Amino acid sequence: MTTPASSIAWVIFASFIGSLGAVGLKAGAKNLQLSITALAANWRLHAGVAGYLISWVFFVLGVKTGDLSILYPMVSLSYIWTLFWSKWFFGEPLTRGKFAALGLILAGVALLGLGNR
Amino acid sequence: MSTSTLNPSTLNPLNSSALNGPTTAQKRKALWMVVAFTLLASVAQVLIKTGANALNRIAPGAAVAVTLGPLHLHISATIVAGLASPALIGGLALYGIGAAMMVLALQHGELSVLYPVISLSYVWVAILSVAIFHEHMNMFRVAGIAVIIAGVAILGRSGSR
(Lines give C-alpha, C1' and ligand atoms only; values in the text may rest on other atoms or scores of the structure.)
Protein backbone atom coordinates (compact mmCIF):
# COMPACT_ATOMS: atom_id res chain seq x y z
CA MET A 1 0.00 0.00 0.00
CA THR A 2 1.56 3.29 -1.05
CA THR A 3 1.52 6.09 1.45
CA PRO A 4 -0.12 9.25 0.12
CA ALA A 5 1.58 12.55 0.83
CA SER A 6 -1.52 13.68 2.69
CA SER A 7 -1.11 10.85 5.21
CA ILE A 8 2.49 11.83 5.84
CA ALA A 9 1.48 15.46 6.18
CA TRP A 10 -1.28 14.62 8.67
CA VAL A 11 1.07 12.54 10.80
CA ILE A 12 3.87 15.10 10.77
CA PHE A 13 1.41 17.82 11.70
CA ALA A 14 -0.06 15.56 14.40
CA SER A 15 3.34 15.01 15.96
CA PHE A 16 4.01 18.75 16.00
CA ILE A 17 0.69 19.60 17.62
CA GLY A 18 1.09 16.68 20.01
CA SER A 19 4.43 17.96 21.22
CA LEU A 20 2.88 21.37 21.90
CA GLY A 21 0.13 19.58 23.79
CA ALA A 22 2.77 17.99 25.98
CA VAL A 23 4.20 21.45 26.68
CA GLY A 24 0.75 22.61 27.76
CA LEU A 25 0.36 19.61 30.07
CA LYS A 26 3.74 20.26 31.67
CA ALA A 27 3.05 23.97 32.05
CA GLY A 28 -0.33 23.17 33.58
CA ALA A 29 1.22 20.55 35.87
CA LYS A 30 3.81 22.96 37.26
CA ASN A 31 1.17 25.04 39.00
CA LEU A 32 -1.24 22.21 39.59
CA GLN A 33 -3.78 22.70 42.33
CA LEU A 34 -6.36 19.98 42.85
CA SER A 35 -9.49 22.04 43.38
CA ILE A 36 -12.34 22.24 40.88
CA THR A 37 -11.98 26.00 40.43
CA ALA A 38 -8.21 25.86 40.08
CA LEU A 39 -8.41 23.05 37.54
CA ALA A 40 -11.09 24.87 35.56
CA ALA A 41 -8.90 27.98 35.48
CA ASN A 42 -5.77 26.08 34.46
CA TRP A 43 -5.86 27.18 30.81
CA ARG A 44 -2.42 25.73 30.07
CA LEU A 45 -3.72 22.31 31.06
CA HIS A 46 -6.76 22.73 28.86
CA ALA A 47 -4.60 23.87 25.96
CA GLY A 48 -2.45 20.79 26.45
CA VAL A 49 -5.43 18.45 26.46
CA ALA A 50 -6.89 20.18 23.40
CA GLY A 51 -3.56 19.88 21.62
CA TYR A 52 -3.43 16.17 22.38
CA LEU A 53 -6.99 15.54 21.21
CA ILE A 54 -6.42 17.48 17.98
CA SER A 55 -3.14 15.68 17.31
CA TRP A 56 -4.89 12.35 17.91
CA VAL A 57 -7.56 13.18 15.33
CA PHE A 58 -4.92 14.13 12.75
CA PHE A 59 -2.97 10.98 13.56
CA VAL A 60 -5.99 8.75 13.00
CA LEU A 61 -6.68 10.54 9.72
CA GLY A 62 -3.10 10.00 8.62
CA VAL A 63 -2.77 6.38 9.65
CA LYS A 64 -5.98 5.33 7.89
CA THR A 65 -4.20 4.96 4.58
CA GLY A 66 -0.54 4.35 4.54
CA ASP A 67 2.34 2.13 5.39
CA LEU A 68 3.03 2.10 9.11
CA SER A 69 6.69 1.50 8.38
CA ILE A 70 6.79 5.04 7.00
CA LEU A 71 4.25 6.67 9.31
CA TYR A 72 5.50 5.36 12.65
CA PRO A 73 8.86 7.14 12.44
CA MET A 74 7.02 10.37 11.64
CA VAL A 75 5.28 10.12 14.98
CA SER A 76 8.61 9.98 16.75
CA LEU A 77 9.19 13.48 15.42
CA SER A 78 7.12 14.55 18.42
CA TYR A 79 9.87 13.26 20.70
CA ILE A 80 12.39 15.47 18.94
CA TRP A 81 10.13 18.51 19.09
CA THR A 82 9.40 17.90 22.77
CA LEU A 83 13.06 17.60 23.66
CA PHE A 84 13.73 21.07 22.31
CA TRP A 85 10.50 22.56 23.67
CA SER A 86 11.54 21.27 27.12
CA LYS A 87 14.76 23.22 26.85
CA TRP A 88 13.09 26.29 25.32
CA PHE A 89 10.06 26.55 27.61
CA PHE A 90 11.27 24.91 30.81
CA GLY A 91 15.04 25.21 30.76
CA GLU A 92 15.57 21.47 31.13
CA PRO A 93 19.17 20.45 30.42
CA LEU A 94 19.89 18.57 27.19
CA THR A 95 22.10 15.75 28.44
CA ARG A 96 23.94 13.08 26.48
CA GLY A 97 21.75 10.47 28.16
CA LYS A 98 18.62 12.10 26.77
CA PHE A 99 20.08 12.21 23.24
CA ALA A 100 21.20 8.60 23.50
CA ALA A 101 17.79 7.53 24.74
CA LEU A 102 16.10 9.53 21.99
CA GLY A 103 18.26 7.88 19.34
CA LEU A 104 17.43 4.42 20.64
CA ILE A 105 13.73 5.19 20.84
CA LEU A 106 13.62 6.62 17.30
CA ALA A 107 15.39 3.52 16.02
CA GLY A 108 13.07 1.25 18.00
CA VAL A 109 9.92 2.93 16.70
CA ALA A 110 11.26 2.69 13.15
CA LEU A 111 11.92 -1.03 13.66
CA LEU A 112 8.40 -1.55 15.01
CA GLY A 113 7.06 0.29 11.99
CA LEU A 114 8.90 -2.14 9.73
CA GLY A 115 7.55 -5.00 11.80
CA ASN A 116 4.01 -3.81 11.17
CA ARG A 117 4.17 -4.35 7.45
CA MET B 1 12.06 14.16 56.36
CA SER B 2 12.22 17.42 58.27
CA THR B 3 9.60 17.91 60.95
CA SER B 4 10.28 21.61 61.31
CA THR B 5 7.12 23.64 60.75
CA LEU B 6 9.26 26.26 59.03
CA ASN B 7 10.31 23.82 56.30
CA PRO B 8 8.75 25.12 53.07
CA SER B 9 7.97 21.64 51.81
CA THR B 10 5.64 21.02 54.75
CA LEU B 11 3.71 24.19 54.07
CA ASN B 12 2.52 23.15 50.61
CA PRO B 13 3.36 19.53 49.89
CA LEU B 14 1.88 19.71 46.42
CA ASN B 15 4.41 22.30 45.30
CA SER B 16 7.45 21.27 47.29
CA SER B 17 9.29 20.30 44.13
CA ALA B 18 8.84 23.84 42.81
CA LEU B 19 10.61 25.17 45.88
CA ASN B 20 13.31 22.57 46.48
CA GLY B 21 13.46 20.61 43.23
CA PRO B 22 11.97 17.12 43.04
CA THR B 23 13.44 14.39 45.21
CA THR B 24 14.82 11.19 43.73
CA ALA B 25 11.83 9.35 45.13
CA GLN B 26 9.43 11.79 43.47
CA LYS B 27 11.23 11.48 40.15
CA ARG B 28 11.15 7.69 40.34
CA LYS B 29 7.46 7.77 41.19
CA ALA B 30 6.83 10.13 38.26
CA LEU B 31 8.59 7.71 35.93
CA TRP B 32 6.48 4.77 37.08
CA MET B 33 3.33 6.84 36.70
CA VAL B 34 4.20 7.44 33.06
CA VAL B 35 4.82 3.69 32.63
CA ALA B 36 1.37 3.09 34.14
CA PHE B 37 -0.04 5.68 31.73
CA THR B 38 1.45 3.78 28.77
CA LEU B 39 -0.20 0.56 29.95
CA LEU B 40 -3.57 2.27 30.31
CA ALA B 41 -3.17 4.00 26.96
CA SER B 42 -2.32 0.75 25.20
CA VAL B 43 -5.32 -1.09 26.64
CA ALA B 44 -7.40 1.96 25.70
CA GLN B 45 -6.05 1.77 22.13
CA VAL B 46 -7.00 -1.90 21.89
CA LEU B 47 -10.50 -1.16 23.21
CA ILE B 48 -10.94 1.72 20.79
CA LYS B 49 -9.64 -0.38 17.89
CA THR B 50 -12.11 -3.13 18.85
CA GLY B 51 -14.95 -0.64 19.08
CA ALA B 52 -13.99 1.01 15.79
CA ASN B 53 -13.81 -2.36 14.05
CA ALA B 54 -17.36 -3.08 15.18
CA LEU B 55 -18.47 0.29 13.84
CA ASN B 56 -16.97 -0.51 10.46
CA ARG B 57 -19.54 -3.27 10.03
CA ILE B 58 -22.37 -0.77 10.09
CA ALA B 59 -23.63 0.34 6.67
CA PRO B 60 -22.11 3.77 6.05
CA GLY B 61 -25.32 5.32 4.77
CA ALA B 62 -27.55 4.05 7.53
CA ALA B 63 -29.09 6.75 9.66
CA VAL B 64 -31.19 6.87 12.78
CA ALA B 65 -34.16 9.22 12.77
CA VAL B 66 -34.39 11.35 15.89
CA THR B 67 -37.18 13.79 16.65
CA LEU B 68 -36.57 16.51 19.22
CA GLY B 69 -39.74 18.53 19.34
CA PRO B 70 -39.90 20.38 15.99
CA LEU B 71 -36.45 19.12 14.98
CA HIS B 72 -36.24 16.05 12.79
CA LEU B 73 -32.66 14.81 12.72
CA HIS B 74 -30.99 12.01 10.85
CA ILE B 75 -27.99 10.93 12.84
CA SER B 76 -25.54 8.54 11.29
CA ALA B 77 -26.03 5.06 12.70
CA THR B 78 -22.27 4.82 13.07
CA ILE B 79 -22.26 7.76 15.46
CA VAL B 80 -25.18 6.43 17.48
CA ALA B 81 -23.54 3.02 17.79
CA GLY B 82 -20.26 4.67 18.67
CA LEU B 83 -21.79 6.65 21.51
CA ALA B 84 -23.29 3.47 22.92
CA SER B 85 -20.24 1.28 22.45
CA PRO B 86 -18.84 0.01 25.77
CA ALA B 87 -15.48 -0.61 24.14
CA LEU B 88 -15.21 2.98 22.91
CA ILE B 89 -16.50 4.47 26.16
CA GLY B 90 -14.20 2.25 28.20
CA GLY B 91 -11.27 3.15 26.00
CA LEU B 92 -11.87 6.87 26.34
CA ALA B 93 -12.34 6.53 30.09
CA LEU B 94 -9.01 4.74 30.41
CA TYR B 95 -7.38 7.43 28.31
CA GLY B 96 -8.83 10.06 30.64
CA ILE B 97 -7.51 8.32 33.75
CA GLY B 98 -4.15 7.87 32.06
CA ALA B 99 -3.98 11.52 31.11
CA ALA B 100 -4.63 12.51 34.72
CA MET B 101 -1.74 10.27 35.81
CA MET B 102 0.46 11.87 33.15
CA VAL B 103 -0.26 15.35 34.47
CA LEU B 104 0.48 14.28 38.05
CA ALA B 105 3.73 12.73 36.86
CA LEU B 106 4.71 15.93 35.05
CA GLN B 107 4.41 17.83 38.32
CA HIS B 108 7.67 16.44 39.60
CA GLY B 109 9.41 15.10 36.51
CA GLU B 110 11.17 16.71 33.57
CA LEU B 111 9.22 16.73 30.31
CA SER B 112 12.31 15.69 28.34
CA VAL B 113 12.75 12.65 30.58
CA LEU B 114 9.12 11.57 30.91
CA TYR B 115 7.74 12.28 27.43
CA PRO B 116 9.85 9.76 25.49
CA VAL B 117 8.81 7.06 27.98
CA ILE B 118 5.46 7.22 26.19
CA SER B 119 7.16 5.21 23.45
CA LEU B 120 6.60 2.19 25.72
CA SER B 121 3.01 2.27 24.51
CA TYR B 122 4.32 1.15 21.12
CA VAL B 123 5.86 -1.85 22.90
CA TRP B 124 2.63 -2.77 24.67
CA VAL B 125 0.56 -2.33 21.49
CA ALA B 126 2.96 -4.59 19.58
CA ILE B 127 2.66 -7.27 22.26
CA LEU B 128 -1.12 -6.89 22.44
CA SER B 129 -1.38 -7.02 18.64
CA VAL B 130 0.27 -10.41 18.72
CA ALA B 131 -1.63 -11.67 21.75
CA ILE B 132 -5.10 -10.39 20.91
CA PHE B 133 -5.25 -9.63 17.19
CA HIS B 134 -3.18 -12.68 16.30
CA GLU B 135 -0.58 -10.76 14.35
CA HIS B 136 2.86 -12.24 13.98
CA MET B 137 5.86 -11.51 16.15
CA ASN B 138 8.78 -10.94 13.82
CA MET B 139 12.43 -9.95 14.13
CA PHE B 140 11.65 -6.27 13.51
CA ARG B 141 9.15 -6.22 16.34
CA VAL B 142 11.50 -8.05 18.72
CA ALA B 143 14.37 -5.72 17.86
CA GLY B 144 12.15 -2.63 18.09
CA ILE B 145 10.84 -3.65 21.50
CA ALA B 146 14.34 -4.34 22.83
CA VAL B 147 15.76 -1.06 21.52
CA ILE B 148 12.88 1.02 22.90
CA ILE B 149 13.20 -0.61 26.31
CA ALA B 150 16.92 0.16 26.26
CA GLY B 151 16.20 3.80 25.49
CA VAL B 152 13.58 4.07 28.22
CA ALA B 153 15.97 2.41 30.68
CA ILE B 154 18.53 5.16 30.01
CA LEU B 155 15.86 7.77 30.70
CA GLY B 156 14.92 5.94 33.88
CA ARG B 157 18.46 6.14 35.16
CA SER B 158 19.07 9.73 34.09
CA GLY B 159 15.70 10.84 35.42
CA SER B 160 15.99 9.48 38.90
CA ARG B 161 19.40 10.82 39.87
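Structural data are supplied above this passage.
Draft legend 1. Representation of the overall build of chain B in the model. Looking only at helices and strands, chain B has 8 helices and 2 strands in total. Element order for chain B, N to C, with α for helix and β for strand: α-α-α-β-β-α-α-α-α-α. A buried classification covers 38% of the 161 residues belonging to chain B. Looking at chain B alone, contacts between residues at least 24 apart form 70% of all its contacts between residues at least 6 apart.

Draft legend 2. Local environment of the pattern of salt bridges. Tallying each qualifying case throughout the model produces 2 salt bridges over all chains. Among the ionic pairs, Lys98 of chain A bridges to Glu110 of chain B, the shortest N-O distance being 2.6 Å. Taken together, the residues Lys98 of chain A in helix α6 (residues 96-115) and Glu110 of chain B in the loop between α5 (86-108) and α6 (111-114) connect one chain to another. Residue class for Glu110 of chain B comes out partly exposed when judged on its relative accessible area of 30%. Between Glu135 of chain B and Arg141 of chain B there is a salt bridge, with the nearest N and O atoms lying 2.7 Å from each other.

Draft legend 3. Structural view of the interface of chain A and chain B. Listed per partner, the contact involves 38 residues of chain A and 34 residues of chain B. For the pair chain A and chain B, the summed buried area comes to about 3000 Å², and 73% of that belongs to carbon and sulfur atoms. At the surface where chain A touches chain B, the tally comes to 1 salt bridge. Taken together, the connections running from chain A to chain B amount to 10 residue pairs in polar contact (both at pLDDT 80 or more). Ranked by residues supplied to the side of chain A that touches chain B, first place goes to α6 of chain A with 13 residues. Its residues assigned to classes, the side of chain A that touches chain B comprises 24 nonpolar, 10 polar and 4 charged.

The rules behind these values
- Going along each chain's sequence as written, the residues are numbered from 1 onward.
- Naming scheme: in the order in which they are written, chains are lettered from A and ligands are numbered from 1.
- Where totals are concerned, whole chains, interfaces and linings use all residues; where local detail is concerned, this predicted model gives features only for residues with pLDDT of at least 70, and gives and counts side-chain atom pairs only at 80 or more.
- Hydrogens and water are ignored here; the side-chain numbers use all heavy atoms of the structure.
- Starting at the N terminus, helices and strands are each numbered in turn, a helix being any DSSP run of H or I of at least four residues and a strand any DSSP run of E of at least two.
- The buried label applies to any residue whose accessible area, calculated with a 1.4 Å probe on protein chains only, is under 20% of its type's maximum; exposed applies above 50%, and partly exposed to all values in between.
- We call two residues in contact whenever any of their non-hydrogen atoms come within 4.5 Å of each other.
- By definition here, a salt bridge exists when the distance from a side-chain nitrogen of Lys or Arg to a carboxyl oxygen of Asp or Glu is within 4 Å.
- A simple way to read buried area is as the amount of 1.4 Å-probe accessible surface that goes missing from two parts once joined, with both sides added.
- Between N or O atoms, a polar contact is any pair within 3.5 Å; within protein, one atom must be a potential hydrogen donor and the other a potential acceptor, and residues adjacent in sequence are included only when both atoms are from side chains.
- Residues are grouped as follows: Ala, Val, Leu, Ile, Met, Phe, Trp, Tyr, Cys and Pro are nonpolar; Asp, Glu, Lys and Arg are charged; all remaining types, including Gly, are polar.

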